[in-house]
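Per-entry structural report
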Amino acid sequence: MKAVVIRTFGSPDGLEVVDVPVPDPAPGQLRIATEAIGVGGVDAVIRRGSLAAHGFRAGHLLGSEVAGRVTAVGEGVDAAWTGRRVWAFTGLSGGYAEQAVAAVEDVLPLPAGLTCADAVTLGASGVVAHFALDRARFAPGETVLVRGAAGGIGITTVQLAAGGGAGAVVVTAASTERGARLRELGATHVLDRSGAGDPDAPRGFDVVIDVVAGPQLPYFIDRLNANGRYVTVGVVGGQPPADFGGRLVDAFRRSLSFATFSSDTVPGPARQAVRSAQFADAARGALRTVVHEVLPLSQAALAHHAMDAGTVFGRVVLTP
């Protein structure tokens, strides 16, 4: 079968389409003929070589979420799964392929009305958005800033904050066109990447959900209201300055909080319950998914070039 691996770390041009054996499902696993493959920010971070210290090596098969039909089950898995349309989390490897395997506890059936492309657009990012707001103790009436709102996590966070009764939903965006699209999803104010651009936007925020991090993170910490909570869910803009914590200490009397969040820390059944509910909401139109572009698996490098250029709004989806 065809798959995409990292031949050399760094540029997207280091991705290569190769032939690999069809995987056999181990005990407790399912095998899925992929119809849609999500291209996520973590894929780009791995491809750039930023996580080499965690054991990623040349030849790594990228991809963490897929959707398609179950073609085989491993020992101990109910054969009734065979033929069902499902979404699956494959870990940090194995998704960029014509067939993929996943543990049965990381698989969900898809409701009627939800496409495979929509499923991989929402599956992983929606859970992060939900639990990030929960970690931030978001409450109705509060002012929320979503930094880096044009990706899958940001788009869902905007909708959840707006639907949860936020007093204002402020976003950072790279262009007026993106800002307009985010307003359609529930944003009330649009700032540029530096945090400027809308004189009517709130100056301070009760909650910040940050996908970007990077060198400007301390500036946004400074804009927290008293008792404000800042939750970082990604580092697509790079690592923040090593001494950024000094800003929190400098503002000691304002009782600010900073946290990182990974959905890996949420028990699996809780993740799956939220994901299932979000899939149902998306199938009935109560939660919107945004597919930026659908490309063939062979053009995975093109998808990564678009992510690196910052031109993606929503998620790029690959199809075999």
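Above this note sits the structure.
Quantities reported herein were computed from a predicted structural model and do not represent experimental measurements.

Thresholds applied
Residues numbered from 1 in each chain as written. Predicted model: local features only at pLDDT ≥ 70, side-chain atom pairs only at ≥ 80, totals over all residues. Heavy atoms only, no water. Salt bridge = Lys/Arg side-chain N within 4 Å of Asp/Glu carboxyl O. Buried < 20%, exposed > 50% of the residue type's maximum accessible area, 1.4 Å probe, protein only. Helix = DSSP H or I, 4+ residues; strand = E, 2+ residues; numbered from the N terminus. Phe/Tyr/Trp six-rings, centres within 6.5 Å; stacked < 30°, edge-to-face > 60°. Lys NZ or Arg CZ within 6 Å of the ring centre and 35° of its normal. Pairing = 2+ DSSP bridges. Core = buried A, V, L, I, M, F, W, Y, C linked by side-chain atoms within 4.5 Å. Contact = heavy atoms within 4.5 Å. Axes fitted to C-alpha atoms, helices over the stretch in contact; angles between N-to-C directions.

Another aspect to go through is the pattern of salt bridges. For the structure shown, the criterion picks out 12 salt bridges. For Glu16, the salt bridge identified is with Arg7, shortest N-O distance 2.7 Å. In this structure Glu16 comes out as partly exposed when scored by relative accessible area, which is 33%. For the salt bridge of Glu142 with Arg229, the shortest nitrogen-to-oxygen distance reads 2.7 Å. Residue Glu142 is located in the loop between α2 (116–135) and β8 (143–147), and its partner Arg229 is located in strand β12 (residues 224–232); the two are separated by 87 residues in the primary sequence. Accessibility classification places Glu142 together with Arg229 in one group, the buried group. Linked through salt bridges whose partners overlap, the residues forming this network are Arg47, Arg48 and Asp308.

Let's shift gears to the packing of aromatic side chains. In the structure shown here, the tally under the stated rule is 4 aromatic pairs. An aromatic cluster of at least three residues, connected via ring pairs, comprises Tyr230, Phe244 and Phe258. Above the plane of the ring of Trp81 lies Arg84, whose end atom (NZ or CZ) is 5.2 Å from the centre.

Here we come to the pairing of strand β11 (residues 205–210). Counting buried positions along β11 gives 6 out of 6 residues, so the element sits mostly inside the fold. Relative to β11, β8 runs parallel, the two sharing 4 bridges. Within the sheet, the bridge partner assigned to Leu145 lies in β11 and is Val208.

Soluble globular proteins: nonpolar side chains tend toward being buried together. By size, the foremost hydrophobic cluster in this structure holds 36 residues, and its most contacted members are Val39, Trp81, Tyr96, Val107 and Leu318. With near-sequence residues (within four places) excluded, Leu318 lies in contact with Glu35, Ala36, Ile37, Val39, Tyr96, Leu295, Pro296, Leu297, Ala300 and Ala303. Formed by 33 residues, the second largest nonpolar core is a distinct cluster that contains Ala150, Ile153, Leu182 and Val274.

For the rest of this paragraph, the subject is the sheet that holds strand β13 (residues 257–260). In spatial order, the strands read β10-β9-β8-β11-β12-β13; together these 6 strands make up an open sheet with parallel pairing. Where the open sheet ends on each side, the last strands, each with one partner, are β10 (189–191) and β13. Ignoring strand direction, the axes of neighbouring strands in this sheet form an average angle of 15°. Both β11 and β12 contribute to a ladder of 5 bridges, which runs parallel. Residue Val207 lies in a different strand from β12, and its bridge partner there is Arg229.

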